[in-house]
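Architecture and fold: a report
So the chains spell out like this:
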Amino acid sequence: MKNFIRKFYYGDIPDDKAGGDNNETSKNPPLGGRGADWPLWEVFIRSKQGLDHKHVGSLHAADAQMAIENARDVYTRRMEGISIWVVESKYIHASNPEEAGELYEPAVDKIYRHPTFYDLPDEVNHM
Amino acid sequence: MLNEMSVQDLEKIFQDKIDNEIKIEPKDWMPDAYRKTNIRQISQHAHSEIVGMLPEGNWISRAPSLKRKAILIAKVQDEAGHGLYLYSGCETLGITREETINDLHSGKAKYSSIFNYPTLTWADMGAIGWLVDGAAILNQVMLTRTSYGPYARAMVRICKEESFHQRQGFEILLVLSKGSDEQKAMCQDSINRWWWPSLMMFGPHDSESTNSEQSMKWKIKRKSNDELRQNFVDMCADQVKILGMKLPDDKLKWNEKTKHYEWGEINWDEFWNVVKGNGPCNKQRLQARKDAWEKGEWVREAAAAFAEKRKTKQQAA
C-alpha cells in the first residue's frame, strides 16, 4: 500500500523534495518578540446561505477568535461572506500530489458511472 | 516514486504543466530557481502594498472632506489586505512571514520605487490612484494568469478590489480639473511629477531585464516590461484628454502606422538611483516600517497575553 496520506502542512515543503535548498533564506537575525510566532490559520468563507464554505486564504493570529476577527477584516470587506471557518494550518492533512496517479487511478476506467455511457433511443424522455 | 526520478525528468514534467496551462501548487515539485523567483517577486509585491500605504496615509488626516477621508481610509485598508494576501501566498513557498519582513527591514528585499516619492499636495492622491494604481493594475491583471496557483488567486482577489482605487483617483483629478485656476494648476503639477515615475514602475527595458526571459518561459510573467508600458501609455494618453491636462512629454505623439503612441525616454539614471536607495523618501519609508514593527511590539504582546487568558478561562469553564 502506497502512502497516500501524508502529514503535510499547507505550503510546507519537505526539504528533500523541495527541488532545492529550503534553508537558504534570510541571514539576518530574527525579528523576535512575541507575536512574531503566531500560528498560521486557513480561512474558509460561506458567501451566502446554501453554499459551501470555500478556502479563501490564510493569516496569522494568536487564537481562533482573533483569526476570525482578522478574517472578517481581510476577507469580507465587501460583503463576501456570511460565515467564517478558521482552522490552524497544521491540522490540515492533504493527499500527496506525487501519488495522485495511483490514488485516482481506480476511477479512470469506470466510465459506466457516467450517464453518457448509456445509449438510449431518442424517444425516451425525462431521463 | 519521486526518488527514482532524475531532476531532468521532474523538470520536464514541471515545464509540461506550465506549457499546458496547468497551475503549479505549493506541494508540487518545482525547480529551486522557480521557487526563489516567486519568493522574490511575491514578497516584493507584498512589500510594495505595505509601503504603498505610507504616501497615502500621509493625507488621511488632511483629506478635503469626510467623503474623501472615508474613501482614502478604505483604499489604504485594502492595501493592507493586499499585502496580507501576498505574504500568505509567499509563505506557501516555504519562507516564513518573519523572514520576509526581516528582508524588507534589512534592505535585502525591494519594493516598488514609486513609493519613494513624496506626496506633496492633495492632487497627488488623484495622480497616485489614476497613474500608479493604473500601472499596477496592468501588471496585476497579467498576473492573474501567472503559473503559480496561490499567486494567481491572490491577484484575482486584488484586481477585483483595485479597480475602485483607480476610478477614485481619476475622479479626484476630474473634480480638480473643473475647479479654480489654482486647483487646475495643482492637478497638472501632480501629473507632471507622477508621470515618469509611473512609467518606471514597469521596470527596465526588456533588453536590460535580467530575469525576464526565464520568467516568461515559466509563465510567472506573461507580458514583457516594454509591452505593458506601451499599453499604459496608450491608455493614459487618451484619458488625460478627458481631464483637459497634458502628459509632461513633448515627444508624445500618435503613430498612425503602429496604432500606438510614441514617447520620450525615461531618465534611467533616476530610476537606478531610486532603486539603489537614493530616492527622496527611501530612508523615511523604511524607517516607518521598522518603527511600526518595533513600536507595535506591545500590541502583539497584549494580543498574545489576551489569547492566553482566554484559553485559561475556557479550560477552567
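Here the structure is a predicted model, which means the values were calculated and not measured. Just so you know, the residues in each chain are numbered from 1, in the order the chain's sequence is written. Following the order in which they are written, the chains are lettered starting with A and the ligands numbered starting with 1. The model is predicted, so local features are restricted to residues of pLDDT at least 70 and side-chain atom pairs to those at 80 or more, both for listing and for counting; the totals for chains, interfaces and linings are taken over all residues. Only hydrogens and water are set aside; all other atoms, that is, all heavy atoms of the structure, feed into the side-chain values.

1. Side note on the pattern of salt bridges
- Any Lys or Arg side-chain nitrogen located within 4 Å of an Asp or Glu carboxyl oxygen qualifies as a salt bridge. One pass over the full model with this rule turns up 27 salt bridges over all chains.
- The partner of Arg78(A) in a salt bridge is Glu161(B), and the shortest N-O contact between them spans 3.5 Å. In this pair, Arg78(A) sits in the loop between helix H1 (64–75) and strand E4 (83–88) while Glu161(B) sits in helix H7 (residues 149–177), so the two residues belong to two different chains.
- Think of it in three bands: with a 1.4 Å probe and only protein chains considered, a residue is buried below 20% of the maximum accessible area for its type, exposed above 50%, and partly exposed in between. When its relative accessible area of 34% is taken as the criterion, Arg78(A) is described as partly exposed.
- Close ionic contact of Asp133(B) with Lys75(B) constitutes a salt bridge, the shortest N to O distance being 2.8 Å. With Asp133(B) in helix H6 (residues 123–143) and Lys75(B) in helix H4 (residues 66–91), this pair connects stretches of sequence that are 58 residues apart. Grouping residues by exposure puts Asp133(B) and Lys75(B) together as buried.
- The structure contains a network of salt bridges with shared partners spanning Arg77(A), Arg78(A), Asp78(B) and Glu161(B). Secondary structure is summarised from DSSP: a helix means a run of H or I of at least four residues, a strand means a run of E of at least two, and numbering begins at the N terminus for each.

2. Description of the sheet that holds E4(A)
Residues and elements named next belong to chain A.
- A pair of strands counts as paired when DSSP detects no fewer than two bridges linking them. Pairing in this open sheet of 3 strands is antiparallel, and the strands run E3-E2-E4 from one edge to the other. Among the strands making up the open sheet, the edge pair consists of strand E3 (53–60) and E4. Going from strand to strand, the sheet's axes swing by 25° on average, the running direction of each strand aside.
- Pairing of strand E2 (residues 40–46) with E4, which is carried by 6 bridges, proceeds in the antiparallel orientation. Within E4, the position partnered with Arg46 by the bridge is Ser83. Axes here refer to lines fitted to C-alpha atoms; in helices the fit is confined to the stretch in contact. Angles between the N-to-C directions go from 0 to 180 degrees.

3. A closer look at the state of the cysteines
All names here are of chain B.
- When two cysteine sulfur atoms are found within 2.5 Å, that pair is recorded as a disulfide. Under the counting rule described, the total for this entry stands at 0 disulfides over all chains.
- For Cys90, which is in no disulfide, the shortest distance to another cysteine sulfur is to Cys159 and amounts to 18 Å.
- Here Cys187 is not cross-linked by a disulfide; its sulfur's nearest cysteine counterpart is in Cys236, at 13 Å.
- Judged by relative accessible area, which is 0%, Cys187 ranks as buried.

4. Considerations on a nonpolar patch on the surface
- Each patch is built from salt-bridge-free residues with over 30% relative accessible area, joining like charges within 9 Å and nonpolar side chains (Val, Leu, Ile, Met, Phe, Trp, Tyr) within 5 Å. Only the protein chains shown count as cover for residues, and all accessible areas are computed by the Shrake-Rupley method using a 1.4 Å probe. On the surface, a nonpolar cluster with roughly 770 Å² of combined accessible area is contributed by Ile111(A), Tyr112(A), Phe117(A), Tyr118(A), Leu120(A), Val124(A) and Met127(A).
- Of note, Met127(A) is situated in the segment after helix H2 (100–108).

5. Re the environment of Ile172(B)
Residues and elements named next belong to chain B.
- Position of Ile172 among the secondary structure elements: in helix H7.
- Between the C-alpha atom of Ile172 and that of Leu10, which follows or precedes it by 162 residues, the distance is 52 Å.
- Once residues lying within four places of it in the same chain are set aside, the contact partners of Ile172 are Arg68, Trp122, Met125 and Gly126. Working rule for contacts: check all heavy atoms of both residues, and any pair within 4.5 Å makes them a contact.

6. Focus on the side chain of Asp234(B)
Residue and element names in this part refer to chain B.
- Considering the arrangement of structural elements, one finds Asp234 in helix H10 (residues 225–243).
- Positive residues here are Lys and Arg, negative ones are Asp and Glu, while His and the chain termini are left out of the count. Of the side chains with opposite charge, Lys241 comes closest to the buried, unpaired Asp234, at an N-O distance of 10.0 Å.
- Only 2.4 Å separates the side chain of Asp234 from the side chain of His260, close enough to count as a polar contact.
- Contacts of Asp234, omitting those with residues within four sequence positions, involve Lys259, His260 and Tyr261. We define a polar contact as two N or O atoms separated by no more than 3.5 Å, with the added condition that, inside protein, one atom must be a possible hydrogen donor and the other a possible acceptor, whereas residues neighbouring each other in sequence contribute only through side-chain atom pairs.

7. Some words on the pairing of E2(A)
Residues and elements named next belong to chain A.
- With 6 of 7 residues buried, E2 is to be regarded as a mostly interior element.
- Where E2 meets E3, 7 bridges bridge the pair, whose relative direction is antiparallel. From the neighbouring strand, Glu42 faces E3, where its bridge partner is Ser58.
- Counting the residues in the hairpin turn of E2 and E3 gives 6 residues, including Gly50, whose phi is positive at 100°.

8. Observations regarding the nonpolar core
- Throughout this description, the term nonpolar core refers to a set of buried Ala, Val, Leu, Ile, Met, Phe, Trp, Tyr and Cys residues connected via side-chain atoms within 4.5 Å. Residues Leu59(A), Tyr75(A), Tyr34(B), Trp130(B), Trp195(B) and Phe232(B) are the most contacted members of the largest nonpolar core, which totals 93 residues.
- With near-sequence residues (within four places) excluded, Trp130(B) lies in contact with Gln166(B), Gly169(B), Phe170(B), Leu173(B), Ile191(B), Cys236(B), Gln239(B), Val240(B), Leu243(B) and Leu247(B).

9. Comments concerning the packing of helix H2 (residues 32–51) of chain B against H4(B)
Residues and elements named next belong to chain B.
- Contact geometry of H2 with H4 gives a least axis separation of 8 Å together with a crossing angle of 160°. Between H2 and H4, the angle is such that the two are roughly antiparallel. In this structure, H2 crosses over H4, and the sense of that crossing is left-handed. Contacts between H2 and H4 involve Ile39, Ile42, Ser43, His45, Ala46, His47, Glu49 and Ile50 on the former and, on the latter, Glu79, Ala80, His82, Gly83, Leu86, Tyr87 and Cys90.
- Gly is placed with the polar residues, together with every amino acid not listed as nonpolar (Ala, Val, Leu, Ile, Met, Phe, Trp, Tyr, Cys and Pro) or charged (Asp, Glu, Lys and Arg). Split into classes, the residues belonging to the contact of H2 with H4 amount to 8 nonpolar, 5 polar and 2 charged. An angle below 35 degrees is treated as roughly parallel, one above 145 as roughly antiparallel, one from 65 to 115 as roughly perpendicular, and anything else as oblique. By convention the crossing between two helices is left-handed if the near helix lies anticlockwise of the far one by an angle smaller than a right angle, and right-handed if it lies clockwise.

10. Examining the packing of aromatic side chains
Residue and element names in this part refer to chain B.
- Aromatic pairs are defined between Phe, Tyr and Trp rings, using the six-membered ring for Trp, whenever the two ring centres lie within 6.5 Å; interplanar angles under 30 degrees are classed as stacked, those over 60 as edge-to-face, and all others as tilted. Counted according to the given criterion, the structure contains 15 aromatic pairs over all chains.
- When the centroid spacing of 4.9 Å and the interplanar angle of 75° are considered together, the rings of Phe14 and Tyr34 count as edge-to-face. With Phe14 in helix H1 (residues 7–19) and Tyr34 in helix H2, the pair connects residues that are 20 residues apart, well separated along the chain.
- Residue classification places Tyr34 among the buried positions, given a relative accessible area of 0%.
- When its relative accessible area of 3% is taken as the criterion, Phe14 is described as buried.
- An aromatic cluster of at least three residues, connected via ring pairs, comprises Phe14, Trp29, Tyr34 and Trp218.

11. A few points about unusual backbone geometry
All names here are of chain B.
- Even without being a glycine, Glu21 presents a positive backbone phi close to 60°.
- With respect to the helices, strands and loops of the structure, Glu21 is situated in the loop between H1 and H2.
- Owing to a relative accessible area of 43%, Glu21 belongs among the partly exposed residues under this scheme.
- Backbone geometry places Lys219, a non-glycine residue, at a positive phi of 55°.
- Among the structural elements, Lys219 can be located in the loop between helix H9 (212–217) and H10.
- Residue classification places Lys219 among the buried positions, given a relative accessible area of 16%.

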